[in-house]
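Fold and contact review
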Amino acid sequence: SDSSGACVGASDEGPVGVAPSDGESGTTRGRASIAAAPFPDEPTPLSSGMGGMMDASPHELVDDWLLLDGSTSSTHAASTSSTHAARRRRTPSPPPPAARRTTLGAMQLSEDIGVVNNAHAASAYNAARANTANAVSPPQDSGSMDDDTAEPCVWIAVLLAALLPMLTDALPRDHGGVCIMPHPHDMVKQEATVFVDTGTGRTLFRTNKLCDNCGLRIHDRFFFHCSKNCDIDFCQECHRKSQELLNTFLERAGDEDRDAMYNRLFWVIDVTERVGFHVLRRSVAERARLANELAFEWPTPLFERLIQAAIDVVNAKVVHVQDVKDITSDSRFWYAMGWLQFLYSANSLPCSTRRLDEQGTRGPKVEYERFILEGINKCEPSSEFNRWREHPRAKVPDVLAVENFGLSDDFCSFLTHSNLVPVSFRRVCLLCDVWEQIQSTGRIHPLELKVPREPLALVERVVLTFQDLSDAQLRRPLRVTFEGEDAIGPGVMREFFQVALRSFLDGSACASRIRDTAGAGDDAGAGEADDASGASAGAGGREGAGAKLFRCNGQRRTYWFDETAENPDAYKAIGVLLGQAVVNNVLVPSIFPRVLYERLLQDLESPCARQMGIQEVAMVSEEVAQSLRLVLEYTCEDIGAVFGDMGWERTGHITEDCQLTQANKHDFVQAYIDWFFGERVRRQLEPLSVGFRAILGGSSLLRSMVDSVQLEKIVCGGTIPVDAAAIQRGSSHEGWTSEEQSDYLPIFWEVLSDFTEAQKVQFVVFVTASDRVPLRGWQDLGLIVQKNGVGDERLPTAYTCFSQLLLPRYTCRERLRSNLLSAIANSEGFGLR
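Below is a summary of the structure that appears in this document. (Residues numbered from 1 in each chain as written. Predicted model: local features only at pLDDT ≥ 70, side-chain atom pairs only at ≥ 80, totals over all residues. Heavy atoms only, no water.)

1. Re the packing of aromatic side chains
Applying the stated criterion to the full structure yields 25 aromatic pairs. Look at Trp334 and Phe411: their rings are 6.4 Å apart centre to centre, the planes differ by 75 degrees, and that puts the pair in the edge-to-face class. Of the two residues, Trp334 sits in helix 11 (residues 331-348) while Phe411 sits in the loop between helix 12 (381-389) and helix 13 (423-439), which places them 77 residues apart along the sequence. Ring plane angle 90 degrees and centroid distance 5.1 Å describe the contact between Phe676 and Phe677, whose orientation is recorded as edge-to-face. Residues Phe676 and Phe677 agree in their burial class; the two are buried. Taken together through their ring pairs, the aromatic side chains of Phe550, Trp560, Phe561, Tyr571, Phe592, Tyr672, Trp675, Phe676 and Phe677 make up a single cluster. The ring of Phe482 has Arg453 lying over it, and the distance from NZ or CZ to the ring centre is 4.0 Å. (Phe/Tyr/Trp six-rings, centres within 6.5 Å; stacked < 30°, edge-to-face > 60°. Helix = DSSP H or I, 4+ residues; strand = E, 2+ residues; numbered from the N terminus. Buried < 20%, exposed > 50% of the residue type's maximum accessible area, 1.4 Å probe, protein only. Lys NZ or Arg CZ within 6 Å of the ring centre and 35° of its normal.)

The following block contains the structure:
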């Protein structure tokens, strides 16, 4: 949820659905509808709407051009009629006067709103003006298009450039930077029911309401309800913040009043939806021409602004659409979503295109992460997961290649658009899936785990606890305590995962010794067990004795399997810990290369798993990757003599007698890569994968729509540097006077901002027991800064379970800085005094 006027929560009566109309007001119970009438099946051609409108204002010009609801003038209707007749004849016809003036009209519009100064707009302006005399008739049906008939898409690109100044940064944003559509009606102050608690004698307030912004039950004496009786309620704090945000936006936007602001906001949304409808209803040739124009001819900054304008509109509407029982009913919204998918596909075109002067293919024009719809995080994950489960194999069609684009139930689901869904939302949906399996076994009993802090003893305790449990037992949520410490809760859980994984990385292989200690091994003495600590019982030889479980890649600061280690129980325990971290909502350090998550997906038989290549080898060993590159780059016929058999066991990937040649070098290298990530580490990877699948392997969502990049983020979170300003935006203060909030706390935030990156990470660990960025960004850390007395001799302390910093008031800035640094430098441990 955000701190804006967006409606984010749910009512006490359950999910908000479509409710009956409220008389003549036209409003509905539940979230106020912001959708206009659906588009007709047959759009009015864009090329028939400019004639006779050159004296209109820019807004009126665009409205008239994109108007689809049957209110076109007789001139436009005649033009449209002749267009349809030309389509039926399948032969070119002379363009009507309006069509001949279309491109010049777009140019005039560009001049009116001042975008022709842009380099691309000027170029498109000149090109389109030169082609105006030879304007073609409106586009024909799919399948009969040639390159000339796609020419109208050039001026569609010009129109988009003309619209950009009016669409860019046109909607208000919440404190997380996500665009919102504020509730359009006034909120009226109402008083709660007052009653006295007979047990405590305290006066309490009952509202039976949930705040539709923060999602919490309203216990204030006063709250705010929609004046039009929409089922929208805000607590006092959320209402105050929303009013501050909207007032700031109103002042910045320059609108005369709120009515003018709402009219402009709805106009921006309407235009974006209409553009999406028109583009997606064009022929394949037209869509391809427009996509190439945007991908290769538009300057990147202009293309980024176009993408952001579409994202802003979808983010603003997404929570309103999700709260409607029939999510497919707002077809206009889904055309806006389709328009965003069109831009995503256009952005991908450079990835498969190589120009003559380029050594390789180019990456996407804009980073794919720019397309993520953070507004989806405000939706209800369980509802969306249940909706997706009805058609789990649904995929977004290729909007550039599909012959006739249309909306379907499969398309109208947020999780279907997996390339646009935030990882944080996927993670919560994944938890819904896993928890459903956990709850299916009946009453949930946590898996109790009491561990020492000494690394080797901790590893032994964890392995012994996990090794004989069934998958259903392992899947239970953990309850962890440290020996000799009384603390329990989320903070302890986060530290346990940090300490446990570090212990497994640093400790030597010890599975057979643990077996012996538990009485499950043979009659060998303790000394012999210690000597053979690296070898698993019955694993064949003592090759892994004393070996560590993983080898450290100092350059990349990641760990990969030591193929000499024999330790199935310990590796399985690590896999269980990675899965349990997700179940217990803990982000663990990013200690493994991404290729591990790719292998886990392969073992899950996920369609999102990709074949390994040299790039993945480089994540583990740059030396091996470089050797493979040399093999592929070598062009002489003596390649076999130079490189030999590359020194590997060809266990089924390629025949023993096959020799390396120029003809087979690509297959030879790929076979080596498959062995490198397969048989070479099978004894280590297989038990780890078994442990991971025991926890998360039953998730249909994980098996079908999560790739390795997303899985790594689900397990580890992000790697963004600590942003003190973002933490401050999402923080709250308790116990401070108004004077201290204005004079003292700004000094604290300045001190934190001046810390080095390492010191900022220490601070985050100090207040949360984790160094991972929350999946929605640092503003979602939820830091609470509470006053904790006065005195220079006091040190700051923290409740990591609640991300709460207990900060004393100091006499000067220097004392604040030094005491805070002293506290965060010694932050490990939960011993209570």
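There's plenty left to go through after this.
2. A look at the nonpolar core
Counting 164 residues, the largest nonpolar core has Phe342, Leu343, Phe414, Phe496, Phe504, Phe550 and Phe592 as the members making the most contacts within it. Of all the elements, helix 10 (residues 300-322) adds the most residues to this core, at twelve residues. Dropping the residues within four chain positions of it, Phe592 is found in contact with Leu505, Phe550, Thr558, Tyr559, Ile574, Leu578, Tyr597 and Glu712. Counting residues in hydrophobic clusters, the runner-up holds 28 residues, among them Val722, Leu745, Tyr810 and Ile824. (Core = buried A, V, L, I, M, F, W, Y, C linked by side-chain atoms within 4.5 Å. Contact = heavy atoms within 4.5 Å.)

3. Structural notes on the side chain of Asp433
Looking at the element boundaries, Asp433 is found in helix 13. No salt bridge is formed by the buried Asp433; the nearest opposite charge belongs to Arg389, separated by 5.2 Å. Residues contacting Asp433, with those up to four places away along its chain left out, are Phe385, Ser699, Ser700 and Leu701. (Lys, Arg positive; Asp, Glu negative; His and termini not counted. Salt bridge = Lys/Arg side-chain N within 4 Å of Asp/Glu carboxyl O.)

4. Quick look at the pairing of strand 13 (residues 804-809)
The side chains of a regular strand alternate, first on one face of the sheet and then on the other. With five of six residues buried, strand 13 lies mostly within the body of the structure. With five bridges joining them, strand 11 (residues 784-790) and strand 13 adopt parallel strand pairing. Bridging from a neighbouring strand, Lys787 pairs with Leu807 of strand 13. As paired elements, strand 12 (residues 797-799) and strand 13 share three bridges and run antiparallel to each other. When the bridges of strand 13 are listed, Ala798 appears paired with Leu805. (Pairing = 2+ DSSP bridges.)

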